[in-house]
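# Examination of the molecular architecture
For reference, the chains in residue letters:
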Amino acid sequence: MIIGVVKEIKNNENRVGLTPAGTETLKKAGHAVLVEQGAGVGSGFSDESYITAGAQILADKKALFDQTEMIIKVKEPLSPEYQLFHEGQILFTYLHLAPEPELTRALLEKKVTGIAYETIERNHTLPLLSPMSEVAGRMAVQVGAHCLEKPFGGKGILLGGVPGVEPAQVVIVGGGIVGTNAAKMAVGMGARVTVLDTSADRLVYLDDIFGGRVTTVMSNSYNIAGWVKKADLLIGAVLLPGEKAPKLVSEEMVTSMEPGSVIVDVAIDQGGSVETIDRVTTHSDPTYVKHGVVHYSVANMPGAVARTSTFALTNATLDYALQIANKGWKDALRADAGLAKGLNTYAGKITFKGVAEAHKLAFTPVEEVLA
Ligand SMILES: NC(=O)C1=CN([C@@H]2O[C@H](COP(=O)(O)OP(=O)(O)OC[C@H]3O[C@@H](n4cnc5c(N)ncnc54)[C@H](O)[C@@H]3O)[C@@H](O)[C@H]2O)C=CC1
Ligand SMILES: CC(=O)C(=O)O
């Protein structure tokens, strides 16, 4: 298979979909890899390192799209990229289609075979979302601590306090991978930490692993309202896989927070879980203030720590890319029901229920496509 790796164009997106090591693995398996000039630079990989690994470097993005059967990316395509796809091209990347009607329409019109990292499953986990959720969860506390500083609009408190002065209260809504990693960092920095989740099993797990250093609370609107009011740093970390994020924190709840408190809504890539998050922000301009509360809603947080993130992401994606390239996408999906859950679009059809429902469009089950 001829595989293309392109330079990301999202604001401050420095990750790349394939490392030189991954290039070598694909080459050894008999595939050709075309890499856009400079695609790896943001993650510390020179064009020469890809050439040494067996890739061909192309300066012309359009020529690269035209010549390749599968594009391996990191982020969902942005509008300048929509026209570059051709019918039947495989797109292996994060897609987050539920909150993105224009992108969904573009992939349907171009009849792209869209395999989304974030909906692939293995043993009831999301193996291609998890590594970036680990990064974003850890970063959420780092950026939240920064935003709590006075010069960045915060109330001027240190997350861990100091002897004789109480620490900050961190409230995390959603105790999955993002939530757990955020809790780890917040506990490590000495904050008081509360995690809310609807899964009783998850709360038991968190209670066990944190040995009492995290307060676990059943998530419902009553409990969320009570804890949001107390939060110095609120972290949105909820997910209903492939669906639009539920708006769990209402505007009224945000108005109950003290001025200078901070919200980091990591779930923004699925549309956001906080009512007052009305825009996706960027690494160049990451925050805005509403009702006196600092809001951070960057949808590609791991892009800022690109080298760590590219290694972590490609550690997880490479084997799937290899399966798709070796077997062809249909046989690879037939052989792995979890990988088949990644198929979101094919031949102008939506093949993921949550996406079809979000856009009120027809749904075609993957099984029908693979039959
Ligand atoms: N902004 C960014 O740069 C990044 C965003 N993300 C996003 O972060 C979000 C969370 O991802 P993960 O932690 O990997 O998902 P996960 O599936 O591991 O965890 C989600 C948790 O939310 C819980 N949940 C569901 N409904 C709930 C409710 N009503 N109240 C409280 N909890 C509820 C689930 O039980 C689960 O424990 C996703 O939208 C993901 O795409 C991930 C990485 C980077
Ligand atoms: C999960 C995702 O969208 C990201 O890492 O950017």
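The text that follows walks through the structure, step by step, so that each part is easy to find. (Residues numbered from 1 in each chain as written. Chains lettered and ligands numbered in written order. Predicted model: local features only at pLDDT ≥ 70, side-chain atom pairs only at ≥ 80, totals over all residues. Heavy atoms only, no water.)

### Regarding the pairing of strand β11 (residues 262–265)
Residues of β11 alternate between two faces, with Val262 and Val264 on one and Ile263 and Asp265 on the opposite face, all of them buried. Inspection of the sheet shows strand β10 (residues 233–236) paired to β11 by four bridges, in the parallel sense. Paired with Leu234 across the two strands is Ile263, which belongs to β11. Note: β11 against strand β13 (residues 293–296), three bridges, orientation parallel. Among the inter-strand pairings, Val264 is bridged to a residue of β13, identified as Tyr296. (Buried < 20%, exposed > 50% of the residue type's maximum accessible area, 1.4 Å probe, protein only. Helix = DSSP H or I, 4+ residues; strand = E, 2+ residues; numbered from the N terminus. Pairing = 2+ DSSP bridges.)

### A short note on the nonpolar core
The biggest cluster of nonpolar side chains holds 75 residues, and the ones touching the most others in it are Phe92, Ile115, Val193, Ile235, Val264 and Met301. The leading source of residues in this core is helix α6 (residues 130–147), at nine residues. Here this core spans two domains, since at least three of its residues come from each of domain 1 (2–119 + 305–370) and domain 2 (130–299). Among residues more than four places away in sequence, those in contact with Val193 are Gln169, Val170, Ile172, Ala183, Ala186, Val187, Arg213, Val214 and Thr215. In terms of nonpolar packing, the next biggest core, distinct from the first, is built from 23 residues, Leu58, Ala63, Leu103 and Val112 among them. (Core = buried A, V, L, I, M, F, W, Y, C linked by side-chain atoms within 4.5 Å. Domains from an automatic or database assignment. Contact = heavy atoms within 4.5 Å.)

### Remarks on the sheet that holds strand β5 (residues 90–93)
The strand order across the open sheet built from eight strands is β3-β2-β1-β4-β5-β6-β14-β15, with neighbouring strands paired in mixed fashion. Among the strands making up the open sheet, the edge pair consists of β3 (56–58) and β15 (349–350). With two bridges connecting them, strand β6 (residues 113–116) and strand β14 (residues 343–346) associate as antiparallel partners. Across the sheet, the residue bridging to Ile115 is Leu343, located in β14. Most of the contacts of helix α11 (residues 306–327) go to β5, to which it runs at about 170°, and overall it touches β1 (2–5), β4 (70–72), β5 and β6. (Axes fitted to C-alpha atoms, helices over the stretch in contact; angles between N-to-C directions.)

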